[in-house]
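# Examination of the molecular architecture
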Amino acid sequence: MIDEHLWKLPGIKRCLIYSTVYALLKGLAIVGQAAFLTQALTAAWRLQINSAWYFATLFFFIFFCLRQFFDWLQTRQLSSFAAKAAYYLKQQIDAKILLQGPAIVDHLGSGNLLTLSYERVDQIRIYLETILARFTDLMTIPWLILIYVFWQNWQSGLILFCSLPLIVFFMIILGLAAQKKADAQYADFAALNNHFLDAVRGLETLKMLAVSQKYSQSVKTASEDYRKKTMSVLQVAFTSSFALDFFTTLSIAIEAVMLGIALINRQLPLAPALAVLIVSPDFFLPLRQFGEDYHANLDGKNALHELSALLEMQAPKRIVMRPADWSQESQLSLSHLSYRYAENADAVQDLNLTIHGFSKIAIVGMSGAGKSTLLNLLAGFLQPDQPNPAFNLDGQSLMSLNADSWQKQLSYMPQNPYLFSASIEKNIAFYDPQASRQRILAAADQAGLSPFLENLPNGLDTQVGESHRGISGGQAQRIVLARALLDPKRRIWLMDEPSAHLDIESEYALKQTILPLTDHRLLILATHRLHWLKQMDWIVVMKAGRIVQQGRLDDLINQPGELKNMSDSLATEGDLHAAADI
Amino acid sequence: MRQRISKTMRLLKQDHWFIQYLKKDRLRLGLLLLIALMTVFCAMALMFTSGFLISKSARHPYNLFVVYVPVVLTRAFGIGRPVFKYFERLESHDWVLRIVSKLRSDLYSRLERQGSFLSRHFQTGRLLGLFADDLDHLENFYLRTIFPISIAYLLFFLLAAVMAVVDWRWAILVVCLMLIVLLLLPMVALSLAWEKDQQEKSLTKKQYQDSAEALFGLTDWQISGHRADFLQTVGRGNQQLSRIKNSNDQHQNNMKLLSELFFALAALTLLFWSSQHLTNSQNTANFAASVILAFFPLMDTFVPAVKAAADLPLYFSSLNSLNQLSRQTMRPAAVTQSNKSHFDKICFQNVSFTYGDEKNPLLDHFSLTINRGEKIAILGPSGEGKTTLLQLLIGDLQADQGEISFDEVPVDQLQQKRAANFAYLNQAPFIFNSTILNNVRLGNEQADDQQVIKALDQAGLTDLIQQLPAGIETQVGESGHLLSGGQRQRIALARILLKDAPILLLDEPTLGLDPITEHSLMQTIFRNQKDKTMFWITHHLAGLEKVDRIIFLEKGKAAMSGSPRSLYETEPRFKKLYDLDLGRI
């Protein structure tokens, strides 16, 4: 009846206690309101409009207002709890995403995560607001009213009491069937709704393929399908609340008739009969509301489950390591390093590699050879799931490199670097927000940004990132480079195909900028562009997740192997060159 | 406030999405309101008859027959209320869902009509998805605001009429109290909601951006070492947002309490009235309880008016964005269309194009003639108009100056035959959440499985398909996220190859692939698409040997142009780049 995930929210118990107290007070007010209204009406029926009537009417009014007031208090308390819980969950999600690292974005998709932290959290907020009120009301108010009715007229009390299991029985039978159907179709119609979203998002592509007009028929069909499915879920929900409604209203009608007969037979005076009649609808109200809101809040309930699943995901282990700044004498070795992604076989196996001091290492291989996975392992974004430590850093055996003291020495340059919506200055000062403008300018200059900045009217203060000035891929890479240069502690540079999205001239220019800067740094570069190799100290060749060759370029290029194959297959296509040479 | 009202009136006057449906289905709507009224009527009548039944019975009539009619009526209304309620809910949802379904296809076809508009205004598909949310809001607009308010007012007028007939002095008092509940408080709630709504929206937008930043820059945050700072900054915004939402709810809660209290005052008035006018005889006194008891079910109809009003800002902003869309997607003036689908020559004559209000033109008096079957490679720095050239060619963008023609027929006369003439692989092709087979078959819906497999083979995907247990029936996930970037690119390529149009436009088809895969892929394309005219945007020079001509676009002009061989021999810059690309430097 009440979701187990709810118990994990902070303050839930306190909130439930308060809500129960308010519900009890509400129940008492309902009883008081009914009692005084009965008095007033009976007096009027006896044609006695006297001070007792005024007294009863006044107290009826007071209790009526009190009831609404307690309801107001309850709503107030629950909505502030729900808002706090939503805030708490949002914080949990943010912290969780930062903790899990980039792997979670690959796993769940950024769109999905954003939906989860906004729309879904809001659904949960509304769910909490309603379901807790309904739950506490259901647990208290009917029982208070039942006691009052028994006290007034035990036969009526018995009718109400007996109708309760009957209604609950029908509710369970119908509710279960409805719930099953609704739960089953929920997934179904979520998919249909996504179909429409898909069509709208992919509209440009559909237009390019010239099927967009034909597709509108499919959108129409899917939309109608969606309507029918939604309607059939709603029908079930409506039927079950109809059944509930029907039995409760009918119970009141039957009771009215029974009371009437008892009155005619002089078994009962008017006052208790009227009191029972007045209070009966309120007896059934919490039950009906609970039944109705169950369906309305299915979204929120599912959202809570989805979110809990995210929060319960196993967190990657952070490693504590002795602080060791990377120097010329440092050494990192990987032994038998393997990594496997949950859903596919694309991984790395049994990697053995030793990295020394300030050297320049290239990882080459075809797409999907495992280059990026290796870089992610080196950055600590991924953690191997192996019994024995696969890393050894200057004599320290380590299970992974997911450690602050390691990551603070890193700079990571992806294919498409992300610029934050801020000025270029702030973007460069990302690792060191306190850096002086002078130092920022110097770093920008080293990264080759000066000519670009001079052409901008606002220079370093130009806003970049989403919805701001577009920036070419090459300049974005340079900003990332300046970011790394600004923090002299970041001496380990990991680059994942930094030039893959650049045209050949920008690529060449970027390469000319990067290479001289790496003298006192360790550069590990994943690339499938062979022209980088000449300036590298060590070449690691990967194929299908394994290191198939490693060594100096001069040695590797002359012996048969993967690198020679790659270079040969590129060379044969160079028939322009060959023709010119002849 | 006045400004807002006039703005709202203007909005409703120009509306495409809402009012016309209310007008169109007047009959059904009338029926719906009638059923809704019957529901409330039954609820009131049930309490009325049962109150009367008990009061009358308490007079100890000599037999049961005296209360026979109220007994029957009590049962009838007891059954009637849930039945009417059931049909009311079923009918109203059915009606609204039908309309939203219509609107959904309408929205799609409106968006569909203008492709160039789309690419300019909504670069991210995400933004388009928002329109789907607006439609959902519209659904609730009917169900939670329009219907409840209409029913409340309808009931109010009916009651006011009945009361005026019974006792007009008393009627004025009750009408005043009810107007506070139905008009004054909702207005107050509305004006508070406008205020908060703006705040909430701008804050949500900012938070949304922050979160998006955190996700896209996650690697940077991960290694920055100051994750806690980030959580703190975002946390502050989150807290603010949650406070605003809470205070929104609190306002609604307050308004609800107020309207309940005013309703209680009305009930009190009724009690006094009945004590004055119904206690003259036993017969009239039997109705005293009935009148009061029948009054309470009205609360369920009247009090929600406050909430309905407070939700209006949300609905209006959705309606506004949908209406803005329809204004922007008015059909452009039609141009006489030509049926031609065979060409010998494509001509760019002195074409100039500048994006928006930017200073430098992307194309500057650019001229080019291409013969049928020619394969052209377009090179050049990024952001220099390579993609624009293709968009002008298919007519998605219009040149500011000059003309693009196919055997003298200008491009805007060929828009109807666009599908038959072009196969265009754009830079960010969309992969639909379906199977590989369905995604590829979109290129040509008449193609059989064998043809699809062949296209997949040409795109170099045979190995992948063989690895997958479900083969071409494999689901690719939302936006194809179960595949790698290179695989997605190749599926889009297969789709284009299946299309089999005479002019092939490829915008960086091998993005994200390694040079060896890229090379073999392009070789396959050249082998299989021999008779096609082809435009190929690329930034790699290796593998260009097979094209007939290379155009090097720079500063709006063809900085270099010619066959690969002649460029290599005569242009030192080209030779240098070419050698660079092969790793010879």
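Remember, it's a predicted structure, so these values are computed and weren't measured experimentally.

### Digging into the packing of helix 9 (residues 227-277) of chain B against helix 11 (residues 288-295) of chain B
Residues and elements named next belong to chain B. Axis separation between helix 9 and helix 11 bottoms out at 10 Å; the angle between their running directions is 170°. Taken together, helix 9 and helix 11 sit at an angle that is classed as roughly antiparallel. Note on element contacts: helix 11 touches helix 9 through Ala288, Val291, Ile292 and Phe295, opposite Ala267, Leu270, Leu271 and Ser274. Here the contact of helix 9 with helix 11 is composed, by residue class, of seven nonpolar, one polar and no charged.

### Regarding the interface of chain A and chain B
Of the residues lining the interface, 123 residues belong to chain A; the matching set on chain B comes to 133 residues. Residue contributions to the side of chain A that touches chain B peak at 27 residues, all from helix 7 (residues 212-264) of chain A. Class assignment for the residues of the side of chain A that touches chain B results in 70 nonpolar, 34 polar and 19 charged.

### So, the sheet that holds strand 1 (residues 331-339) of chain A
Residues and elements named next belong to chain A. With antiparallel pairing, the four strands of this open sheet are ordered in space as 2-1-4-5. The open sheet is flanked by strand 2 (348-356) and strand 5 (396-398), the only strands paired with a single partner. The mean inter-strand angle of the sheet, taken between neighbouring strand axes irrespective of direction, is 15°. Of the strand pairs in this sheet, strand 1 and strand 2 are connected by six bridges, and their pairing is antiparallel. Its bridge partner lying in strand 2, Leu334 is registered against Leu353.

### Thoughts on the sheet that holds strand 9 (residues 549-554) of chain B
Strand-to-strand pairing in sheets goes through backbone hydrogen bonds, with the strands running parallel or antiparallel. Residues and elements named next belong to chain B. Ordered by their spatial adjacency, six strands build an open sheet running 6-7-8-3-9-10, and the pairing between neighbours is mixed. Every interior strand has two partners, whereas the edge strands, strand 6 (422-425) and strand 10 (557-562), have only one. Across this sheet, the average inter-strand angle for adjacent strands is 15°, counted without regard to direction. Two strands pair when backbone bridges link them, and strand 9 and strand 10 are joined in this way by five bridges, in the antiparallel orientation. Among the inter-strand pairings, Leu553 is bridged to a residue of strand 10, identified as Ala558.

### Remarks on helix 15 (residues 386-394) of chain B
Residue and element names in this part refer to chain B. Burial analysis of helix 15 places nine of its nine residues in the buried class, which makes it a mostly covered element. Lys386, Thr387, Thr388, Leu389, Leu390, Gln391, Leu392, Leu393 and Ile394 are the residues of helix 15 that are buried. Trailing helix 15 by a residue or two, Gly395 shows a phi angle of about 90°, which is positive.

### Quick word on the confidence of the model for chain B
Looking at chain B as a whole, its pLDDT mean stands at 83, while 94% of the residues score no less than 70. Every residue in residues 117-126 of chain B is under pLDDT 50, and counting partners more than four places away or in other chains gives 12 contacts.

### A few points about unusual backbone geometry
Residue and element names in this part refer to chain A. Phi angles above zero are rare outside glycine, and Arg266 is one such case at about 60°. Note that Arg266 resides in the loop between helix 7 and helix 8 (270-296). You can call Arg266 exposed: it has 9 C-beta atoms within 10 Å. Even without being glycine, Asp350 reaches a positive phi, approximately 50°. By the secondary structure assignment, Asp350 is in strand 2. By the C-beta count within 10 Å, which is 13 here, Asp350 ends up partly exposed.

### Describing the nonpolar core
In this structure, Ala40, Ala273 and Val279 of chain A together with Ile54, Ala288, Ala494 and Leu505 of chain B are the most contacted members of the largest nonpolar core, which totals 216 residues. Top element by residues in this core is helix 3 (residues 26-58) of chain B. It accounts for 17 residues. Apart from the residues lying within four places of it in its own chain, the contact partners of Val279 of chain A are Ile30, Val31, Ala34, Ile145, Tyr148 and Val149 of chain A. Among the nonpolar cores identified, the runner-up in size contains 70 residues, and Leu419, Tyr431, Ala443 and Trp532 of chain A belong to it.

The rules we used
- Residues numbered from 1 in each chain as written.
- Chains lettered and ligands numbered in written order.
- Predicted model: local features only at pLDDT ≥ 70, side-chain atom pairs only at ≥ 80, totals over all residues.
- Axes fitted to C-alpha atoms, helices over the stretch in contact; angles between N-to-C directions.
- Helix = DSSP H or I, 4+ residues; strand = E, 2+ residues; numbered from the N terminus.
- Parallel < 35°, antiparallel > 145°, perpendicular 65-115°, else oblique.
- Contact = placed C-beta atoms within 7 Å.
- Nonpolar A, V, L, I, M, F, W, Y, C, P; charged D, E, K, R; others polar.
- Pairing = 2+ DSSP bridges.
- Buried ≥ 20, exposed ≤ 12 C-beta atoms within 10 Å, placed from the backbone.
- pLDDT = per-residue confidence, 0-100.
- Core = buried A, V, L, I, M, F, W, Y, C linked by C-beta atoms within 7 Å.

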